[in-house]
Amino acid sequence: MRRLLVGLAAGSMLVAASACGSSGNGASDNSSSSTGTTTVKVGVIPIVDVAPLYLGQKEGFFSKHGLKLSMTLAQGGAAIVPGVVSGQFQFGFSNMTSLMLAQSNDVPVKAIANGVASTGVSGKDFGALVVKKGSTLKSAKELEGKKVAVNTLKNINETAVRESVRKAGGDPDKVKFVELAFDQMPAALDKGQIDAAMAVEPALTTMLNQGAQQIAWPMVDVAKNLTVAMYFTSQAYATKNAATVKAFQEATAESLAYADAHPDEVRQIVATYTKVPSSVLAKVILPKWPADPNRSSIEALEKLSETDGLFKKTPDLNTLLP
């Protein structure tokens, strides 16, 4: 199990280190104050997707439910999974591929609240495949033999790019994928260190401001209105801390609805946990934050992930999803 958790971390020293320590995955690690507020640790990524949690904390949705969030930034969902299972975090934000990969390998994770969804609109999605200004690459098919950056290898963004290449008539096996954090992609593309990048906001707008051109919208290619990520916990924590999990679910639901209805406040809050300037944030394309996950879109992603050979066995979505 320890080796598996470290593998899921995809090289993240921050979380893999804790995965190699004690396995406090079922412990009640919350710290309660004299006012009855429970502090829970949440693993998140410095991207627009998680803005609802920050907004929810600011607007008092979590405190209303007796919770205070202590958030830690990580590079991707694959790095957050081991942190939750090992007990470093009580909750985490992860893309659906990382969660399905964990579940298929008998890592005891449980999705508990919706996270973020694609807009479903090509040309107007919060994630896109981009190339440098002046690049001769005009479609995903032309990425054969090219170096393409994704934030985590063998994960949702690689699967999505591979599907875009397939739909454009190319061979995804001929694409050279490299792992690079979202905030490092703009500079790497500008310097010609990579030929293309699968970027999400706010990195996407940063690159477009540099003159980058969008050539495909991989999340849209995977499925209409794709559920990209969800909030999750460990099976053991959910069993032993049902009241805390319910409180987190209810506060998160309020936060998602608020974020969907207040785009300007979303842009403002993102500036508090990223280094993206307000001038860029004003232009970002926001994702959707629906109340519930889109099961059919997750099933489509599952099939594509199986095609790419990511799973040793088919994930049990009935066990994974709420």
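Just above sits the structure.
The structure displayed is predicted, hence computed values, not measured ones.

Quick notes on the rules
- Residues numbered from 1 in each chain as written.
- Predicted model: local features only at pLDDT ≥ 70, side-chain atom pairs only at ≥ 80, totals over all residues.
- Heavy atoms only, no water.
- Helix = DSSP H or I, 4+ residues; strand = E, 2+ residues; numbered from the N terminus.
- Buried < 20%, exposed > 50% of the residue type's maximum accessible area, 1.4 Å probe, protein only.
- Areas by Shrake-Rupley, 256 points an atom, 1.4 Å probe, with all protein chains shown as cover.
- 1 Å grid on protein atoms, 1.4 Å probe; cavity = no way out; pocket = protein on both sides within 12 Å on 5 of 7 lines; lining within 4 Å.
- Points joined across faces, edges and corners; volume = space filled by probe spheres on them.
- Nonpolar A, V, L, I, M, F, W, Y, C, P; charged D, E, K, R; others polar.
- Contact = heavy atoms within 4.5 Å.
- Core = buried A, V, L, I, M, F, W, Y, C linked by side-chain atoms within 4.5 Å.
- Salt bridge = Lys/Arg side-chain N within 4 Å of Asp/Glu carboxyl O.
- Pairing = 2+ DSSP bridges.
- Axes fitted to C-alpha atoms, helices over the stretch in contact; angles between N-to-C directions.
- Polar contact = N/O pair within 3.5 Å; in protein donor to acceptor, adjacent residues only side chain to side chain.

**Q** Could you give an account of the overall build of the protein, with specific residues and numbers?
**A** Each helix and strand counted, the protein has 16 helices and 11 strands in total. Taken across its 322 residues, the protein has 57% of its residues classed as buried. On the protein, roughly 12900 Å² of surface is accessible, and the fraction owed to carbon and sulfur atoms is 50%.

**Q** Give a description of the layout of surface pockets that names residues and reports values.
**A** Computed from the structure, the largest pocket encloses a volume of approximately 530 Å³. What lines the largest pocket is a set of 21 residues, among which Pro46, Ala181, Phe182, Asp183 and Gln184 lie closest to the centre. Partitioned by chemical class, the residues of the lining of the largest pocket number 14 nonpolar, 5 polar and 2 charged.

**Q** Could you give me a rundown of the environment of alanine 300, with the residues and numbers involved?
**A** Assignment of secondary structure puts alanine 300 in helix H15 (residues 295–307). Setting aside residues no more than four positions away along its own chain, alanine 300 makes contact with Val222 and Ala223.

**Q** Describe unusual backbone geometry, listing the residues and the values that go with them.
**A** With an omega of 5 degrees, the peptide bond running from glutamate 201 to proline 202 counts as cis. Of note, proline 202 is situated in the loop between strand S9 (196–200) and helix H9 (203–209).

**Q** Before we move on, can you summarise the nonpolar core with the specific residues and values?
**A** Met96, Leu99, Val109, Leu129, Leu143, Phe248 and Val266 are the most contacted members of the largest nonpolar core, which has 107 residues in total. The greatest single-element share of this core, amounting to 7 residues, is contributed by helix H12 (residues 242–261). Apart from residues no more than four positions distant in its own chain, phenylalanine 248 is found in contact with Val42, Leu53, Phe62, Leu67, Leu69, Phe91, Ile112 and Tyr231.

**Q** Go over empty space enclosed by the protein, please, and point to the residues and values.
**A** In this structure the tally under the stated criterion is 2 cavities of 30 Å³ or more. What the largest cavity holds in volume is close to 130 Å³. Lining the largest cavity are 18 residues, with Ile47, Asn95, Ile156, Asn157 and Val228 positioned closest to its centre. Secondary-structure elements contributing two or more residues to the lining of the largest cavity are strand S4 (91–95), helix H7 (156–167) and strand S11 (227–234). A breakdown of the residues in the lining of the largest cavity according to their chemical character gives 10 nonpolar, 7 polar and 1 charged.

**Q** Can you tell me about the pattern of salt bridges, naming the residues and giving the values?
**A** Counted according to the given criterion, the structure contains 9 salt bridges. Lysine 154 is paired through a salt bridge with glutamate 158; the nearest N and O atoms lie 4.0 Å apart. For glutamate 158, a relative accessible area of 5% puts it in the buried group. Between arginine 166 and aspartate 308 there is a salt bridge, and its shortest N-O distance comes to 2.7 Å. Of the two residues, arginine 166 sits in helix H7 while aspartate 308 sits in the loop between H15 and helix H16 (317–320), which places them 142 residues apart along the sequence. It is possible to trace a salt-bridge network through shared partners that takes in Arg162, Glu163, Arg166, Asp173 and Asp308.

**Q** Outline the sheet that holds strand S7 (residues 147–150), listing residues and values.
**A** Strands sit in the order S8-S7-S9-S6-S10 across an open sheet of 5 strands; the sheet is mixed. Of all strands in the sheet, those bounded by a partner on one side alone are strand S8 (176–179) and strand S10 (213–216). Sheet twist, expressed as the average angle between the axes of neighbouring strands with direction ignored, equals 35 degrees. Bridge count between strand S6 (residues 127–131) and S9: 5 bridges; the pairing is antiparallel. When the sheet's bridge partners are listed, valine 130 is paired in S9 with alanine 197.

**Q** So what's going on with the environment of lysine 313? Which residues, and what values?
**A** Mapped onto the fold, lysine 313 is located in the loop between H15 and H16. With 208 residues separating them in the primary sequence, lysine 313 and asparagine 105 have C-alpha atoms 7.6 Å apart. Discounting residues that sit within four places of it in the chain, lysine 313 has contacts with Ser104 and Asp106. Side chain to side chain, lysine 313 and aspartate 106 meet in a polar contact 2.9 Å long.

Shape descriptors only; they carry no functional weight alone.
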